[in-house]
Amino acid sequence: MTTALETIRSVGTEALPVFVEAMRSADPTLALFRALDEGLARSPGHRLLTVLIYFRDKGESQRAYSSRPVDYPVGGRKTLGQAPRMRHVLATAEPFIGRTRQDIIDNYPDHQRLLAMGCESIVNMPVRWGSEVLGTVNLLDAEGRYGPADLPRIEAWAQLVSPAFLAAVLQR
C-alpha cells in the first residue's frame with residue numbers, strides 16, 4: 001500500500017517539470033490550473049474539475065477554472081450562503097468526499113445539472129497558504145468514484161498550484 005508521503009513524492013516528480021514550464025508561460029495561472037486538470041484527470045480521474053477562489057472579505061467564491069467551461073464557466077460566483085458545504089470546507093480546512101447521488105443532492109443547489117452530467121460523487125479539497133484557505137479544487141465523477149485513498153494525490157496537486165490561487169486573488 002502506498003503511503004501519503006510516497007504519493008506526494010510521486011506527484012512531485014510528475015508535476016515539477018510541468019510546474020516549471022507553467023511558471024515560465026505567458027499566463028502562469030491558467031497554465032498551472034491546466035496542469036492540475038491534466039494531472040488529476042490521469043489519477044484519480046474526473047468528469048468535471050473546477051477551481052474556486054475564496055474572497056473572505058466578500059463572503060463569496062469565484063470560479064477561476066473549469067474543465068467544462070461551457071457547463072461551468074469561469075467567473076461564476078457563489079455566496080457562502082448558497083453553498084453550505086463549501087462554507088464548511090473553508091471553515092474547517094478539511095476536504096469533503098461525497099460518494100453518492102444523495103450526497104450531491106443534499107449538499108449542492110446545482111445538483112440537477114451535476115447529475116445530468118453524470119457527476120454523482122465529489123471531492124472538495126481546500127487549498128491553503130499557511131493557515132489561510134484560499135479556495136477549493138473540486139473533482140466530480142461517477143457515484144462511488146472517490147475515497148480517502150485519493151486524498152493525498154488530490155491534495156498534493158492542489159497545494160502545488162497554490163501560487164495560481166494567490167495570483168487569481170491579486171488579479172481580481
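Residues numbered from 1 in each chain as written. Predicted model: local features only at pLDDT ≥ 70, side-chain atom pairs only at ≥ 80, totals over all residues. Heavy atoms only, no water.

K.L.:
Mind showing me how you'd approach the environment of Arg-128 here?
P.N.:
As for its placement among the helices and strands, Arg-128 is situated in strand β5 (residues 121–129). Put simply, Arg-128 and Glu-60 are 68 residues apart on the chain and 16 Å apart in space, counted from C-alpha to C-alpha. Looking at Arg-128, its side chain comes within polar contact range of the main-chain oxygen of Ala-93, at 2.8 Å. (Helix = DSSP H or I, 4+ residues; strand = E, 2+ residues; numbered from the N terminus. Polar contact = N/O pair within 3.5 Å; in protein donor to acceptor, adjacent residues only side chain to side chain.)

K.L.:
Teacher, can you tell me more about the environment of Trp-157 here?
P.N.:
With respect to the secondary-structure elements, Trp-157 resides in helix α6 (residues 151–160). Under the relative-accessibility criterion, Trp-157 is labelled buried at 2%. C-alpha of Trp-157 to C-alpha of Ile-8: the two residues are 149 residues apart in sequence and 8.5 Å apart in space. When neighbours within four sequence positions are excluded, Trp-157 is seen to be in contact with Val-11, Glu-14, Ala-15, Ala-35, Leu-36, Gly-39, Leu-40 and Arg-42. (Buried < 20%, exposed > 50% of the residue type's maximum accessible area, 1.4 Å probe, protein only. Contact = heavy atoms within 4.5 Å.)

K.L.:
Teacher, can you tell me more about helix α2 (residues 28–42) here?
P.N.:
Three- or four-residue spacings in an α-helix give side chains the same orientation, since the helix completes a turn every 3.6 residues. Between its first and last C-alpha, α2 extends 21 Å over 15 residues, near the 21 Å set by a 1.5 Å rise per residue. Here α2 has its buried residues at Thr-29, Leu-32, Phe-33, Ala-35, Leu-36, Asp-37, Gly-39 and Leu-40. On its buried face, α2 is in contact with α1 (4–23), β1 (48–55), β2 (60–66), β6 (132–141), α6 and α7 (162–171). (Expected span 1.5 Å × (residues − 1).)

K.L.:
I'm lost on the packing of α2 against α6 in this one. Help?
P.N.:
The packing of two helices is summarised by the inter-axis angle and the distance between the axes. Look at α2 against α6: their axes get within 10 Å of each other, and the N-to-C directions meet at 170 degrees. As summarised for this structure, α2 and α6 are arranged roughly antiparallel, according to the angle between their axes. Two secondary-structure elements touch here, α2 through Ala-35, Leu-36, Gly-39, Leu-40 and Arg-42 and α6 through Arg-153, Ile-154, Trp-157 and Ala-158. Looking at the contact of α2 with α6 residue by residue, the classes come out as 6 nonpolar, 1 polar and 2 charged. (Axes fitted to C-alpha atoms, helices over the stretch in contact; angles between N-to-C directions. Parallel < 35°, antiparallel > 145°, perpendicular 65-115°, else oblique. Nonpolar A, V, L, I, M, F, W, Y, C, P; charged D, E, K, R; others polar.)

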